[in-house]
Amino acid sequence: MAATRLSRCDVVSRATTEQVREWLDGVPDPEIPVISVVDLGIVRDVTWQGDTLEVAVTPTYSGCPATSVIAMDIETALRNRGIDDLRIVTQIAPAWTSDWLSDKGRARLEEYGIAPPRASGGPDRCPHCHAQDVERVSQFGSTPCKAQWRCRECLEPFDYFKCI
Amino acid sequence: MTEKDALFEYLLRLGDNALILGHRVSEWCGVAPALEEDIALANTALDLMGQTQMWLGLAGEVEGAGRSADDLAFLRDAWDFRNLLLLERPNGDFGQTMMRQFLFDAFQTLALAGLEASTDQRIADIAAKALKEATYHLERSRVTVIALGDGTEESRARMQAALDAQWPYVGEMFAADAVDAAMVEAGIAPDPAALRPAWDGIVLPALHEATLSVPDSDFAHRGGKDGVRHTEHLGHMLTTMQWLQRAYPGATW
Ligand SMILES: [Zn+2]
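Because the structure is a prediction, the values reported are computed rather than measured.

**Some details on the overall build of chain A**
Secondary structure assignment for chain A yields 4 helices and 7 strands. Along its sequence from the N terminus, chain A presents helices and strands in the succession α-α-β-β-α-β-α-β-β-β-β. Relative to the compact-globule value of 15 Å for 164 residues, chain A shows a C-alpha radius of gyration of 19 Å, a clear excess of over 25%. Dimensions of chain A along its principal axes, counting C-alpha atoms only, are 75 × 25 × 20 Å. Buried positions account for 44% of the 164 residues belonging to chain A. Intrachain contacts of chain A at a sequence separation of at least 6 include 53% that bridge at least 24 residues. Within chain A, one finds 18 positive and 24 negative side-chain charges whose respective centroids are separated by 2 Å.

In structure tokens form, the structure reads like this:
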């Protein structure tokens, strides 16, 4: 009898996947902490497989060193919410694209000083002074997802989130 | 050779190309001619290492002998590697490094585009991911080769020397053998020989724009992708790359 009551209790208290996504939206990207792992578009799926919560995560770049840290941060965050039975799976297809960055994430990036990705392949304005006279310094930057640009108006260098 | 054996061999080629080039490029970390180039090279190496993990991980899975990507990378000796000879050659100067990158990136984008249509879904998925990165690498290596070729007298001379030294290693990329034939037959991979016209279409105009002369010899060194005869450079590279696992077997952190 007690066991039955316990399991019914478990069902009632099980977090919905929407709730889990909300919690994950509180997990910051380790390299760009102003955006969450949900903003980054790498949380591809949240499902209950029986009593196990499965979170599918896709890497941004295949060699991105943050990938394993992100998996650990997600696991820690969910365990702190009381979810003990969970599995994080790496899903590589479809391949991550910067199009999956959320609008909230794009706005936060710019406030933080990182120009958000654009289909044209370059930023439309300086994230500091909003001048449009900008030039590329290098196709690569401090993390795999960024390139280096410079503003010719305020002369400040800035990161641009690569569009791939 | 069974289809499984051929698939394992083929995956080693994909993984070893990424691993060996990735390791070579990583040797520039901290010593590249400019900070921006240092960062670009390190990021390129990182992408290649990520691709290595996927290809060798799948190779180990296909082999079914319990070997992980790390086991394959760190516990094989030179004769078991299946990378192109071009990629194991020492970096030389920055110009040689970028020329090698360009010649390979052009090939790799075409090979990965073909693999995206593989009948093996696992391969198609990895290829789609890797192609995005390879395309980005090609964009940079192409522009750099053109800028250095069509640059100063010294940079042009160095780029011509780089092209002359590496040209005899180009042919191996397109030389098809029994492993390739088995992959084509199974619809798993494109025929490397068939990629040559498209490669010429990318490389030759860029070399022309770089004011470089294409060597007229078609002589091609062989022996990397089939492991028959690697250059003496590979073993030296592996002594550095594999040192930790050889000295402290099973070490983790
Ligand atoms: Zn500005």
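**Section: the layout of surface pockets**
Approximately 1,100 Å³ is the volume found for the largest pocket. In terms of lining residues, the largest pocket is bounded by 33 residues, among which B:M49, B:Q53, B:A69, B:D70 and B:F74 are the most central. Within the residue set of the lining of the largest pocket, elements represented by two or more residues are helix 3 (66-80) and strand 3 (86-90) of chain A together with helix 1 (3-26), helix 2 (35-63), helix 3 (69-74), helix 11 (232-241) and helix 12 (243-247) of chain B. Looking at the lining of the largest pocket, the element that brings in the most residues is helix 2 of chain B, giving 6 residues.

**So, the interface of chain B and chain A**
Across the boundary between the two partners, chain B contributes 20 residues, which contact 24 residues of chain A. Buried area between chain B and chain A, summed over both chains or domains, comes out near 1,800 Å², and the portion from carbon and sulfur atoms is 61%. The largest contributions to the chain B side of the interface with chain A come from B:K129, B:K132 and B:Y136, which together make up 37% of the buried area. Across the chain B-chain A interface, the total number found is 0 salt bridges. Those elements that place two or more of their residues in the side of chain B that touches chain A are helix 2 and helix 6 (121-149) of chain B. Partitioned by chemical class, the residues of the side of chain B that touches chain A number 7 nonpolar, 5 polar and 8 charged.

**Details of the sheet that holds strand 7 (residues 157-161) of chain A**
All names here are of chain A. If you trace the 4 strands from one edge of the open sheet to the other, you get 4-7-6-5, paired in mixed fashion. Lying at the two open borders of the sheet, with one neighbouring strand each, are strand 4 (114-115) and strand 5 (134-138). One ladder, built from 2 bridges, connects strand 4 with strand 7; its direction is parallel. Within strand 7, the position partnered with I114 by the bridge is D159.

**Points about the domain arrangement of chain A**
Residue and element names in this part refer to chain A. Partitioning chain A into domains gives domain 1 (8-96) and domain 2 (100-161). Computed from C-alpha coordinates alone, the two centres of domain 1 and domain 2 are separated by 27 Å. Contact with domain 1, which involves 18 residues of that partner, is made by 14 residues of domain 2. Around 1,300 Å² of area is buried between domain 1 and domain 2 when both sides are counted, 71% of it from carbon and sulfur atoms. Contact with domain 2 buries area across many residues of domain 1, yet I32, V34 and D39 alone supply 41% of it, more than any other trio. Inspection of the region where domain 1 meets domain 2 yields 2 salt bridges.

**With respect to the coordination of the zinc ion**
All names here are of chain A. Surrounding the zinc ion are the protein donor atoms C126 (SG), C129 (SG), C151 (SG) and C154 (SG), at 2.3 to 2.4 Å. Considering all 4 donor atoms around the zinc ion, the spread of angles at the metal, 104 to 115°, places the coordination shape in the tetrahedral class. Between consecutive donor residues of the zinc ion, the sequence gaps follow C-x2-C-x21-C-x2-C. Note that C129 is positioned in the loop between strand 4 and strand 5 and C154 in the loop between strand 6 (146-151) and strand 7, a separation of 25 residues in sequence.

Procedures and definitions
- Residues numbered from 1 in each chain as written.
- Chains lettered and ligands numbered in written order.
- Predicted model: local features only at pLDDT ≥ 70, side-chain atom pairs only at ≥ 80, totals over all residues.
- Heavy atoms only, no water.
- Helix = DSSP H or I, 4+ residues; strand = E, 2+ residues; numbered from the N terminus.
- Rg over C-alpha atoms; globule rule 2.2 N^0.38 Å.
- Buried < 20%, exposed > 50% of the residue type's maximum accessible area, 1.4 Å probe, protein only.
- Contact = heavy atoms within 4.5 Å.
- Lys, Arg positive; Asp, Glu negative; His and termini not counted.
- Charge placed at Lys NZ, Arg CZ, Asp CG, Glu CD.
- 1 Å grid on protein atoms, 1.4 Å probe; cavity = no way out; pocket = protein on both sides within 12 Å on 5 of 7 lines; lining within 4 Å.
- Points joined across faces, edges and corners; volume = space filled by probe spheres on them.
- Buried area = accessible area lost by both parts, 1.4 Å probe.
- Salt bridge = Lys/Arg side-chain N within 4 Å of Asp/Glu carboxyl O.
- Nonpolar A, V, L, I, M, F, W, Y, C, P; charged D, E, K, R; others polar.
- Pairing = 2+ DSSP bridges.
- Domains from an automatic or database assignment.
- Donors = N, O, S within 2.8 Å, 3.2 Å for Na, K, Ca; no water.
- Tetrahedral: all angles 85-135°; square planar, octahedral: opposite > 155°, others 65-115°.

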